[in-house]
Amino acid sequence: MKLKIVYYWLYFRFKRKSKTRKELTQYQQRKLQSFFAKVLTQSPYYATFVKEGKVLDDFPIINKQIFMEMFDQINTQGIKKQQAMEIALQAEESRNFSPEYGKLTVGLSTGTSGKRGLFVVSEKERAQWVGLVMNRVIKPIFFKKQKIAFFLRANSNLYSSIRSSLFEFAYFDIFKPVDELLADLNAYQPHILAAQPSVLSDIADRQQRGLLHISPKQIISFAEVLQDEDNHFISSVFNVSITQVYQCTEGFLGVSCTHGTIHLNEDFLLIEKKTIEGRRFHPVITDFTRSTQPIIRYELDDILIERESPCPCGSVFLGLERIEGRADDVLVFTTSEGKVKLYPDIICRMIARRTNDFRTYRIVQTDESHVRIELDCDPGDFDTVGQRIQAGIEDLLQTNHVYSITIELQKGITTSPGSKLRKVTRAIL
Ligand SMILES: [Zn+2]
C-alpha cells in the first residue's frame, strides 16, 4: 500500500501539467476515451451505452439517489448493495474502522442531506486518493518529519495508510471530550493541523484564551464550507493562511491556491456546470480515477460560484469565488410573486456586516414562515447581538418582499457532536 501511495505521489508530482484550457480539454478527452474502454465496459449499466457508441453528452445525468438505486448495475465488481450496506452499518455500529468487502473498503456516508450513501473503493483507488491529497494539499518541508494532527469523525482505514518517513499522523476523534482532545493536541505539537472549520474555530478560540499553545505551520480545513469570518479568525490567531480542501464522499474535488481561490481538480475530474443563475452552478462530475464505482455525470447538490476573472495564480483549473453550500442550505420562501431564495453567503455576509461579537450562530428555517436564530456568544452580549442579527434578517426579507415571517432567537446552538455545522440551514421536512 505504502509503495503505491509513493508511486501516485510521484506520478502526480511530476505529471506534465496543462498550460492552457485547450491543452487541458484535449488531455481530458484522451483520459475519457481510455476510461470508456477500460472501466465503463466493465459496468453493466454503462457498458450498454459504450456499445451503442454513445459519447459522454448522451449519458444520463445522475444524482446520489439514482447512484444508490442503480448501485448493483453501476459498479464494476459485481458488488451487491444489500451486502455492502450490511457490512458498512455493522462497522458503524461497532466503530470498526476497516469494514471490508473482499479486498474492497466499504464506506457509509450521510452527507449533508442526511440520506445514506454507500461507497466502495479498491486499494488502488485509496492509494491514488492519498497520493493526490498529499500532493495537492500538504506543503512539504523537506528534511523534517511533518507531524499532522487530523481531526476526524472516525478513524477510517483510508487515513491510517499514510505513514512514512516524511509524515506522521495522529488522529483526534472528535467524539471525545474537547478538554481531552486539547490536552493531547498540546502534547503532540503538530506542524500541520487538519480539521473541519467548526473544530478549527474551537481550537483557535482556546489558543486565543491561552488554554492551548501550538504553532502549526499549515492549517487545512475540510468537510464544511469555510466562512470568511471563521477564515479570518483562525488565520489571525495562528498567523497562517488556511488551505481549504473541497472534498465530499464523491471525491476530492478541489483545493485552494496561494491566493485563496479554490480550484477544481480538472486533471482527473471533468466538470460540467449546471447553471442555476449567473455564475452560480451545481457541478456535474465525471471522475477518471474511480473504477470500482464509476462516477459519471454525477450531479452534486453543492452550489458553487465561479470567479469572475481568472485567478492571479495562473492555474488553468476552474477557480471558484466561493462554495455556497448545499441546496439544503438555501432558505426558500413563498411570496405572492413566487419563490424567493436566500443564499447562505448573502445571509452570512449580511450578519458579518452587522456584528462580529459571537462565537458562532446558526440560521435555521423550520417551516415556510419560521426562522430560528441560534446564537452562541457571551451572555452579556446576547440581547444586542441577537437583535442585530434579527434586524439584518428582517431587512433581507423585506428587500425581497417576504413578509409575515416569525423570527425566534435561541441561546446556544442545537448540534450533536461530530455532526457537520452548517451556518444556514433549511430544516423543513
Ligand atoms: Zn489560484
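Residues numbered from 1 in each chain as written. Predicted model: local features only at pLDDT ≥ 70, side-chain atom pairs only at ≥ 80, totals over all residues. Heavy atoms only, no water.

## A short note on the coordination of the zinc ion
Looking at the zinc ion, the protein donor atoms are Cys-257 (SG), His-263 (NE2), Cys-311 (SG) and Cys-313 (SG), and they sit 2.1 to 2.3 Å from it. Around the zinc ion sit four donor atoms; with metal-centred angles ranging over 101 to 116 degrees, the donor geometry is tetrahedral. Counting gaps between the donor residues of the zinc ion yields the pattern C-x5-H-x47-C-x1-C. In this pair, His-263 is assigned in strand E10 (residues 262-264) and Cys-311 in the loop between strand E14 (303-306) and strand E15 (319-325), connecting sequence segments 48 residues apart. Across the pair, exposure class does not vary: His-263 and Cys-311 are buried alike. (Donors = N, O, S within 2.8 Å, 3.2 Å for Na, K, Ca; no water. Tetrahedral: all angles 85-135°; square planar, octahedral: opposite > 155°, others 65-115°. Helix = DSSP H or I, 4+ residues; strand = E, 2+ residues; numbered from the N terminus. Buried < 20%, exposed > 50% of the residue type's maximum accessible area, 1.4 Å probe, protein only.)

## Digging into the packing of aromatic side chains
In this description, a pair of aromatic rings is defined by centroid distance and the angle of the planes. What the rule picks out here adds up to 13 aromatic pairs. Geometrically, the ring pair formed by Tyr-45 and Tyr-46 is edge-to-face, given 4.8 Å between the ring centres and 75 degrees between the ring planes. Tyr-45 sits in the buried class, given a relative accessible area of 18%. Judged by relative accessible area, Tyr-46 falls into the buried class, the value being 0%. Put simply, the rings of Phe-36, Tyr-45, Tyr-46, Phe-49 and Phe-59 touch in pairs and so form one group of aromatic residues. Over the ring of Phe-281 we find Lys-273; its NZ or CZ atom is 6.0 Å from the centre of that ring. The aromatic ring of Phe-382 is capped on one face by Lys-411, whose charged end is 5.0 Å from the ring centroid. (Phe/Tyr/Trp six-rings, centres within 6.5 Å; stacked < 30°, edge-to-face > 60°. Lys NZ or Arg CZ within 6 Å of the ring centre and 35° of its normal.)

## Focus: the environment of Lys-423
As for its position among the elements, Lys-423 is in the loop between strand E20 (406-411) and strand E21 (424-426). Sequence separation of Lys-423 and Glu-224 is 199 residues, and the distance between their C-alpha atoms is 9.8 Å. Those residues in contact with Lys-423, other than ones at most four positions away along the chain, are Gln-227, Glu-229, Asp-230, Cys-348, Thr-360, Tyr-361, Arg-362 and Ile-363. (Contact = heavy atoms within 4.5 Å.)

## A short note on the sheet that holds strand E19 (residues 370-376)
The pairing of strands in a sheet comes from backbone hydrogen bonds and takes either a parallel or an antiparallel form. In space, the four strands of this open sheet follow the order E20-E19-E18-E21, with mixed pairing throughout. The strands lining the two open edges of the sheet, one partner per strand, are E20 and E21. Neighbouring strand axes in the sheet, compared pairwise and without regard to direction, differ in orientation by 20 degrees on average. Alignment of E19 against E20, held across six bridges, turns out to be parallel. Pairing of Ile-373 across the sheet is with Leu-409, part of E20. Packing against the sheet, helix H12 (residues 344-354) makes contact with strand E18 (360-367) and E21, and its axis sits at approximately 135 degrees to E18. (Pairing = 2+ DSSP bridges. Axes fitted to C-alpha atoms, helices over the stretch in contact; angles between N-to-C directions.)

## Concerning the pattern of salt bridges
Throughout the structure, instances matching the rule amount to 19 salt bridges. The salt bridge partner of Arg-136 is Asp-267, with a shortest N-O separation of 2.6 Å. On the criterion of sequence distance, the pair formed by Arg-136 in helix H7 (residues 123-137) and Asp-267 in the loop between E10 and strand E11 (269-277) is long-range, its members being 131 residues apart. Overall, the relative accessible area of 21% leaves Arg-136 in the partly exposed class. (Salt bridge = Lys/Arg side-chain N within 4 Å of Asp/Glu carboxyl O.)

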